[in-house]
Each structure stands twice: as structure tokens, then as C-alpha cells.
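Reading the structure
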Amino acid sequence: MKKLRFVFLCLLLLVFGLNVSALTKANADAEYSKGNYQQAIKDYQQLLRDGVSAPLYYNLGNAYYRSDNIPQAVLAYERAHLIQPGDKDIRFNLEFARNKTIDKIIPQSELFFVTWYKDLVNFTSVDHWAYIAIGSLLLSLILVLVYLFGQNLTWRKVGFYGACVTVVAFLLCNLFAFQQKSALVHRTGAIVIAPSISVKKTPAPNSSEAFVIHEGTRVEITDKTMKQWRGVKLADGREGWLRTNQIEGI
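So, here's what we can say about the structure. Bear in mind that the values here come from a model prediction, so they are computed numbers and not experimental data. (Residues numbered from 1 in each chain as written. Predicted model: local features only at pLDDT ≥ 70, side-chain atom pairs only at ≥ 80, totals over all residues. Heavy atoms only, no water.)

Remarks on the overall build of the protein chain
On a plain count of helices and strands, the protein chain comes out with 8 helices and 7 strands. Taken over the C-alpha trace, the protein chain has a radius of gyration of 24 Å; the compact-globule value for 250 residues is 18 Å, which it surpasses by more than 25%. Along the first, second and third principal axes, the C-alpha set of the protein chain runs to 80 × 70 × 35 Å. Expressed as a percentage of its 250 residues, the buried residues of the protein chain come to 33%. Total accessible area computed for the protein chain in this model is approximately 15,900 Å², and 63% of it derives from carbon and sulfur atoms. Considering the protein chain, the positive charge centre built from 28 side chains and the negative charge centre built from 20 side chains are found 7 Å apart. (Helix = DSSP H or I, 4+ residues; strand = E, 2+ residues; numbered from the N terminus. Rg over C-alpha atoms; globule rule 2.2 N^0.38 Å. Buried < 20%, exposed > 50% of the residue type's maximum accessible area, 1.4 Å probe, protein only. Areas by Shrake-Rupley, 256 points an atom, 1.4 Å probe, with all protein chains shown as cover. Lys, Arg positive; Asp, Glu negative; His and termini not counted. Charge placed at Lys NZ, Arg CZ, Asp CG, Glu CD.)

Next up, the structure:
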């Protein structure tokens with residue numbers, strides 16, 4: 001009986017915990033709908049501590065944007081975009097928030113097929129690429145059977161060439177998923193959270209100024225070997241050093 005009571009108590013606690021989590025998510029959405037954006041921000045941040053997701057970061061970005069906190073809105077949208085790069089709503093809101101920042105960075109030009117390849121990799125999320133890869137693998141196995149046991153030459157050709165195509169699709173999907181996973185694990189992007197930053201030529205307070213950037217601007221971290229300083233690079237190719245507490249990693 002004691003064991004049964006213990007199990008029953010654990011089940012009650014589990015159900016109660018799930019209800020509290022659901023209630024917190026519902027409260028966050030309700031607070032946002034009522035215009036209580038600061039409370040919604042707190043609720044979304046609490047939910048994100050329990051587990052990250054693109055929709056939560058997207059809603060958090062919306063709440064920050066409504067609160068006129070553009071740097072944090074950009075940061076939240078960037079994190080959502082990193083998880084779900086193919087989501088059009090996230091991409092649109094991210095670009096919209098970027099247009100509210102002071103710095104208008106023009107990216108370095110690149111070959112068209114490089115841009116095309118990046119767009120293809122980010123067409124959908126890691127999970128979706130994995131699903132497509134599994135589907136391609138199953139289809140290739142079916143086509144191999146068609147090739148082996150086809151009754152005529154036409155069906156055997158369909159099976160052979162179709163299997164080749166689906167195997168290539170399987171390999172490409174795995175490659176795209178791997179590259180997206182690597183971008184998630186090895187994050188180098190960061191957002192400037194200080195109102196204005198004098199980027200230095202060397203990691204020293206008395207170093208000469210390379211250029212000035214403002215809050216909301218995205219940088220790529222190129223060097224993090226020093227505790228107080230980060231080497232960064234802008235999309236237009238400019239490089240320099242700034243203090244670690246002036247940026248927040250995506």
C-alpha cells in the first residue's frame with residue numbers, strides 16, 4: 001500500500017507540474033494579448049528555461065518588439081531563425097526588426113551559387129531534413145526492389161535511375177541536416193546589446209578605434225580566447241575587438 005501511495009503521489013505531482021507549465025504558457029499568451037508585454041516576456045523566458053523552441057523565441061521577440069526593445073527582439077528572432085530557418089514569419093519579423101536598427105550593414109557580395117546553396121540548406125529545419133532523408137531512403141529501397149524484380153526493361157530502368165536519385169537525395173538531406181546541426185551547436189553569431197560600441201583594433205582599452213556600431217547589429221565572433229574581449233567580424237568584412245559584456249550570443 002505504501003508503494004501504491006508513493007506511485008499515486010508521484011503521478012499527482014507529475015500531472016500538477018504539467019498543468020502549471022501549460023497554465024504558464026497560456027498566461028504568457030494571454031498577457032501578450034492584453035498588452036502586458038513585460039509580464040509576457042517574463043513568462044516566455046521562464047518557459048524557455050524549461051526547453052527552447054522556435055515558437056517561444058518568436059513570441060518572445062514579438063513581446064520585446066512591442067516593448068520597443070529592438071536589440072532583444074532581434075536576438076530572440078535570430079534564435080528562432082536558427083532553430084527554424086525556413087519559417088517565413090520568423091524571417092519576415094527578423095528583417096523587419098533589423099530595419100529598426102541604426103547600422104545598415106551591406107553584406108559582402110558572394111557568388112550566386114553560394115547564396116543559392118545557403119538558401120537551400122536553410123529551406124527547412126534539421127528535423128524536416130531528417131524526415132525527408134528517411135523518406136528518401138525508404139523510397140530508394142522500394143525502387144531497388146522494382147529494379148531487381150521488374151517484369152520488363154522499362155520498370156527496371158525506372159527502379160535503377162529512381163534509386164540513384166533518391167540515394168543522392170538521402171545523402172544531400174543528411175548533409176544539410178548536419179550543417180544546420182553544426183550551426184546550432186557551434187554558434188558564432190551575436191547581437192550588440194550596448195547602445196553604442198567603439199570597436200577596437202586590438203583587445204586593449206587604449207587601442208585605437210576601428211569603427212563604431214550600435215545596438216541590434218549582428219556580429220560574428222571570430223576569436224573568444226580572451227575572457228574580457230571578443231574578436232568580431234561584420235557582414236561587410238570589417239573586423240575588430242569589443243568587450244564580452246557588450247554583446248549577447250545567439
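Now that the structure has been shown, we can carry on.
Observations concerning the pattern of salt bridges
In total, this model carries 8 salt bridges according to the counting rule given. Two residues, E248 and R79, come together in a salt bridge whose shortest N-O distance is 3.4 Å. Within this pair, whereas E248 is found in strand β7 (residues 247-249), its partner R79 is found in helix α4 (residues 70-83), the two being separated by 169 residues in sequence. Because the salt bridges share partners, they merge into one network encompassing E78, E95, R98, R218 and E220. (Salt bridge = Lys/Arg side-chain N within 4 Å of Asp/Glu carboxyl O.)

Topic: a nonpolar patch on the surface
Side chains of V144, L145, Y147, L148, F149, F160 and Y161 sit close together on the surface and give an oily, nonpolar patch of about 710 Å² of accessible area. Mapped onto the nonpolar patch, the elements with two or more residues apiece are α7 (126-149) and α8 (153-185). Among the elements that make up the nonpolar patch, the one with the highest residue count is α7 (5 residues). Assignment of secondary structure puts F149 in helix α7. (Patch = residues over 30% accessible without salt bridge, like charges linked within 9 Å, V, L, I, M, F, W, Y side chains within 5 Å.)

Here we look at helix α3 (residues 54-66)
Between the first and last C-alpha of α3 there are 18 Å, a value that for 13 residues agrees with the 18 Å anticipated at 1.5 Å per step. Among the 13 residues in α3, 10 count as buried, and that is most of the element. Taken together, the buried positions of α3 are A54, L56, Y57, Y58, N59, L60, G61, N62, A63 and Y64. Of the residues one or two after α3, D68 is the one with positive phi, at around 65 degrees. (Expected span 1.5 Å × (residues − 1).)

Looking at the environment of F149
Classification of F149 as exposed rests on a relative accessible area of 58%. Between the alpha carbons of F149 and G159 there is a distance of 9.4 Å; along the sequence they are 10 residues apart.

Section: the packing of aromatic side chains
Both the distance between ring centres and the angle between the ring planes are used here to describe each pair of aromatic rings. A full pass over the atoms with the stated rule returns 9 aromatic pairs. Residues Y58 and Y77 carry aromatic rings whose centres are separated by 6.1 Å and whose planes lie at 50 degrees to one another, so their mutual orientation is tilted. Taken as a pair, Y58 in helix α3 and Y77 in helix α4 lie far apart in primary sequence, 19 residues in all. Of the two residues examined, Y58 and Y77, each falls in the buried class. Between Y147 and F160 the ring centres are 5.6 Å apart and the planes differ by 50 degrees, which places this aromatic pair in the tilted class. Remark: F160 occurs in helix α8 and Y147 occurs in helix α7; sequence separation between them is 13 residues. Assessed through its relative accessible area of 31%, Y147 is described here as partly exposed. Taken together, Y65, F92 and F96 form an aromatic cluster joined through their ring pairs. The positively charged end of R156 is found above the aromatic ring belonging to Y147, 5.2 Å away from the centroid. Seen from the ring of F211, R238 lies directly overhead, with NZ or CZ sitting 4.7 Å from the centre. (Phe/Tyr/Trp six-rings, centres within 6.5 Å; stacked < 30°, edge-to-face > 60°. Lys NZ or Arg CZ within 6 Å of the ring centre and 35° of its normal.)

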